[in-house]
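Observations on the model geometry
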Amino acid sequence: MTGSGGGTTVGRVGDDEAAMRRAMGLAATVRATASPNPWVGCVLLSDDGTVFEGATAPPGGAHAEAAALAAAGGRARGATLYATLEPCSHHGRTSPCADAIVAAGVARVVVAVEDPDQKVQGRGLARLRDAGIDVELGLCAAEVCDQLGPYLKHRSTGKPWVVLKLAATLDGRTAAPDGTSRWITGPEARADAHRLRAHSDAVLVGAGTVRADDPALDVRHASGPDPMRVVLGKAPEGARVHPALELSGDLERVLDDLGRRGVVQLLVEGGASVAHAFHRSGLVDRYALYLAPALFGGDDARGLFAGPGAGNIDDVWRGRIVDVRQLGSDLRVELAPEAPTPEARTGEV
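Anyway, here's the lowdown on the structure attached to this text. It should be emphasised that the depicted structure is a prediction, and the values quoted were computed from it without experimental measurement.

Of all seven residues making up strand β13 (residues 286–292), seven are buried, and the element is well covered by its neighbours. Neither face of β13 is exposed, since Arg286, Ala288, Tyr290 and Ala292 on one face and Tyr287, Leu289 and Leu291 on the opposite face are all buried. As judged from the five bridges shared by β13 and strand β16 (residues 330–337), these two strands associate in the antiparallel manner. In the sheet register, Tyr290 faces β16, and the bridge partner there is Arg332.

Laid out in structure tokens, this is it:
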């Protein structure tokens, strides 16, 4: 149903919401390849009930709307187009999608969310309306904002979306007293963690973790590109993490630096001191916690965070669980802050 052929006649998509959810599914298929561009899906429904589809190609390739229009050809005239993000209105590596939609004679456009990029910010929607196209904004906006969360944050703030990955036993321990910690979770959880790496533009660890574990920080158990490797501090010569970007100091400035380098999503993998610094500073947008059905059974094993925690129950960090899934014998729990991340306190490592 996607591509440059004649499309697939499947009858009309049941309703606008069904079409937008179909576009969201297309966007999910290019999550690991589109960044730093937004991972967008597009569905075009012609007058004769034929559905044409498109999803954002890797940087330099066609945007989702352009791909769907190319597949539809002349049957785009009079059609309804559904896009998860506002069509672009400026010349970059590709021509403006809004102009292509107008030229194709599309009659109606349904968009989930406006693009906060300074080069767009409503201009694409205005271009369509000025051409007499019926434009609707906001369908499935909450779900698409969640799907595009990293992109929307990066374009709005200049900072990457921060995912803190943690793995522990059910009693919250990450390593034995002697420091041994490998393979707390099983292969399915490790494959999912590598998928997280593939979806991230950069992965960050502390120099202590490099010295202790010598991680490669590449993608081996999932499909997708290797992320940029970032070390807080100085990595030893010969460490497998090289070549790596070495940074230090205030974490806000670290995030600003990475954002300027085009990092849309940053995966923080540890160790415990680095995890504590990001958490304590309020800089984490999502927590990905992998829990193994195991117990160290004592208070001498190492915990998830190294550093002072809440002094009393009123200061305990509370978030909301946004996803729980079983991966083999393990659980993956995804947490988000209760509200948008507040103005972070200064954090240094």
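The rest of the description comes next.
As a further point, take the pattern of salt bridges. Inspection of every chain in the model, using the stated rule, returns 25 salt bridges. For the salt bridge of Glu143 with Arg21, the shortest nitrogen-to-oxygen distance reads 2.9 Å. Pair noted here: Glu143 is in helix α5 (residues 141–147) and Arg21 is in helix α1 (residues 16–29), with a separation of 122 residues, a long-range link. On the basis of relative accessible area, Glu143 is assigned to the partly exposed category, the value being 33%. Residue class for Arg21 comes out partly exposed when judged on its relative accessible area of 38%. In this structure, Asp146 and Arg286 form a salt bridge, with 2.9 Å as the shortest nitrogen-oxygen distance.

The next subject is the sheet that holds β16. Read across the open sheet, the eight strands follow the order β11-β10-β9-β12-β7-β13-β16-β15; overall the sheet is mixed. The outermost strands of the open sheet, each flanked by one partner alone, are β11 (245–247) and β15 (319–327). Strand-to-strand twist across the sheet, computed as the mean angle between neighbouring axes with direction ignored, equals 25 degrees. Summarising the sheet, strand β10 (residues 228–232) and β11 pair through three bridges and their orientation is parallel. Opposite Val231, over in β11, you have Glu246 as the bridge partner.

Okay, the pairing of strand β7 (residues 161–169) next. Among the nine residues that make up β7, eight are buried, leaving the element largely enclosed by the rest of the structure. In the sheet, β7 pairs with strand β12 (residues 265–270) via four bridges, with the strands oriented parallel. Bridging from a neighbouring strand, Trp161 pairs with Gln265 of β12. Note that β7 and β13 share seven bridges and pair parallel. Following the sheet pairing, Leu166 is matched in β13 by Leu289.

Relative orientation and spacing of two packed helices are given, respectively, by the angle between their axes and the distance between those axes. Viewed as axis vectors pointing N to C, helix α2 (residues 64–72) and helix α3 (residues 97–104) meet at an angle of 25 degrees, and their least axial separation amounts to 9 Å. By the angle between their axes, α2 is roughly parallel relative to α3. Crossing of α2 over α3 shows left-handed handedness. Where α2 approaches α3, its residues Glu65, Ala66 and Leu69 are matched on the opposing element by Cys97, Ala100, Ile101 and Ala104. When the residues that make up the contact of α2 with α3 are grouped by side-chain class, the tally is six nonpolar, no polar and one charged.

Reading the values: rules and limits
Residues numbered from 1 in each chain as written. Predicted model: local features only at pLDDT ≥ 70, side-chain atom pairs only at ≥ 80, totals over all residues. Heavy atoms only, no water. Buried < 20%, exposed > 50% of the residue type's maximum accessible area, 1.4 Å probe, protein only. Helix = DSSP H or I, 4+ residues; strand = E, 2+ residues; numbered from the N terminus. Pairing = 2+ DSSP bridges. Salt bridge = Lys/Arg side-chain N within 4 Å of Asp/Glu carboxyl O. Axes fitted to C-alpha atoms, helices over the stretch in contact; angles between N-to-C directions. Parallel < 35°, antiparallel > 145°, perpendicular 65-115°, else oblique. Left-handed = near helix turned anticlockwise from the far one by under 90°. Contact = heavy atoms within 4.5 Å. Nonpolar A, V, L, I, M, F, W, Y, C, P; charged D, E, K, R; others polar.

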